[in-house]
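Observations on the model geometry
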Amino acid sequence: MPLIVIDVVRGHDETYLTSLLDGIHEAVVDAFEVPDTDRYQVLTQHEPFELRALDTGLGLTRSRDLTFIRVISKTRPESAKRRLYELIAQRLHSRLGLSGEDIIVTIVENTGADWSFGRGTAQFLTGELPEAPIPPGDNRR
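Residues numbered from 1 in each chain as written. Predicted model: local features only at pLDDT ≥ 70, side-chain atom pairs only at ≥ 80, totals over all residues. Heavy atoms only, no water.

Looking at the side chain of glutamine 123
Within the fold, glutamine 123 resides in helix 3 (residues 123-126). For glutamine 123, a relative accessible area of 6% puts it in the buried group. With residues up to four places along the chain from it excluded, the contact list for glutamine 123 reads Trp115, Ser116, Phe117, Gly118, Glu128 and Leu129. (Helix = DSSP H or I, 4+ residues; strand = E, 2+ residues; numbered from the N terminus. Buried < 20%, exposed > 50% of the residue type's maximum accessible area, 1.4 Å probe, protein only. Contact = heavy atoms within 4.5 Å.)

Quick notes on the pairing of strand 3 (residues 67-74)
As paired strands, strand 1 (residues 3-9) and strand 3 are joined by 6 bridges and run antiparallel to one another. Considered in strand 3, the bridge of isoleucine 4 is made with valine 71. Bridge analysis of strand 3 against strand 4 (residues 103-110) gives 8 bridges, and the strand direction is parallel. The partner of isoleucine 72 across the bridge, within strand 4, is valine 108. (Pairing = 2+ DSSP bridges.)

Some thoughts on empty space enclosed by the protein
With the rule as written, the count across this model stands at 1 cavity of 30 Å³ or more. Volume-wise, the largest cavity comes out at about 30 Å³. Lining the largest cavity we find Pro2, Ile4, His25, Val28, Asp38, Tyr40 and Gln41. Among the elements of the structure, helix 1 (14-32) and strand 2 (40-46) are those that each provide at least two residues to the lining of the largest cavity. Residues that form the lining of the largest cavity fall into these classes: 4 nonpolar, 2 polar and 1 charged. (1 Å grid on protein atoms, 1.4 Å probe; cavity = no way out; pocket = protein on both sides within 12 Å on 5 of 7 lines; lining within 4 Å. Points joined across faces, edges and corners; volume = space filled by probe spheres on them. Nonpolar A, V, L, I, M, F, W, Y, C, P; charged D, E, K, R; others polar.)

Structural notes on the packing of aromatic side chains
Considering all chains together, one arrives at 3 aromatic pairs under this definition. Ring centres of tyrosine 40 and phenylalanine 117 lie 5.4 Å apart, and the angle between their planes is 50 degrees; on these two criteria the pair is classed as tilted. Of this pair, tyrosine 40 sits in strand 2 while phenylalanine 117 sits in the loop between strand 4 and helix 3, and the two are 77 residues apart along the sequence. Overall, the relative accessible area of 33% leaves tyrosine 40 in the partly exposed class. With centroids separated by 5.4 Å and ring planes inclined at 5 degrees, the aromatic side chains of tryptophan 115 and phenylalanine 117 adopt a geometry described as stacked. (Phe/Tyr/Trp six-rings, centres within 6.5 Å; stacked < 30°, edge-to-face > 60°.)

A few points about the nonpolar core
If you look at the biggest cluster of nonpolar residues, it comprises 24 residues, and the most contacted ones within it are Ile24, Phe32, Ile69, Leu84 and Leu92. Listing elements by their share of this core, those giving two or more residues are strand 1, helix 1, strand 3, helix 2 (78-96) and strand 4. The element best represented in this core is helix 1, accounting for 10 residues. Sequence-distant contacts of leucine 92, that is, excluding residues within four places in its chain, are made with Leu20, Gly23, Ile24, Ile69, Gly97, Leu98 and Ile103. Grouped together as the second largest cluster of nonpolar side chains are 6 residues, Met1, Val5, Trp115 and Phe124 included. (Core = buried A, V, L, I, M, F, W, Y, C linked by side-chain atoms within 4.5 Å.)

The structure is reproduced here in structure tokens:
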């Protein structure tokens, strides 16, 4: 049940932003093998001067399409993380023409004790939600 926090430069229309959210969600579902109904996303738009990203010495060229994606999730295997980075870049390029040079992804890991989905309880700790991953194709959540 990753929480996805996305920051972009203000100025894109609703169609672009919806496609951005959908593309990221599809990548998370495929890479982390979570059910399609596990969708938690927050999108914030900023004035251009509020976002800065240099090239980190990699020779990257950034544009006004700069997109920061923060994935807050339980620990995932390195292979799933690498797959997520690839899928996000592929999906956003095919959907929006977004350059991979404009996509910055970071993953922040936490545990079941760090989540409450409502009602003032920690559902992973109370047993309302299982801590163990649900197998692909099992849509219990």
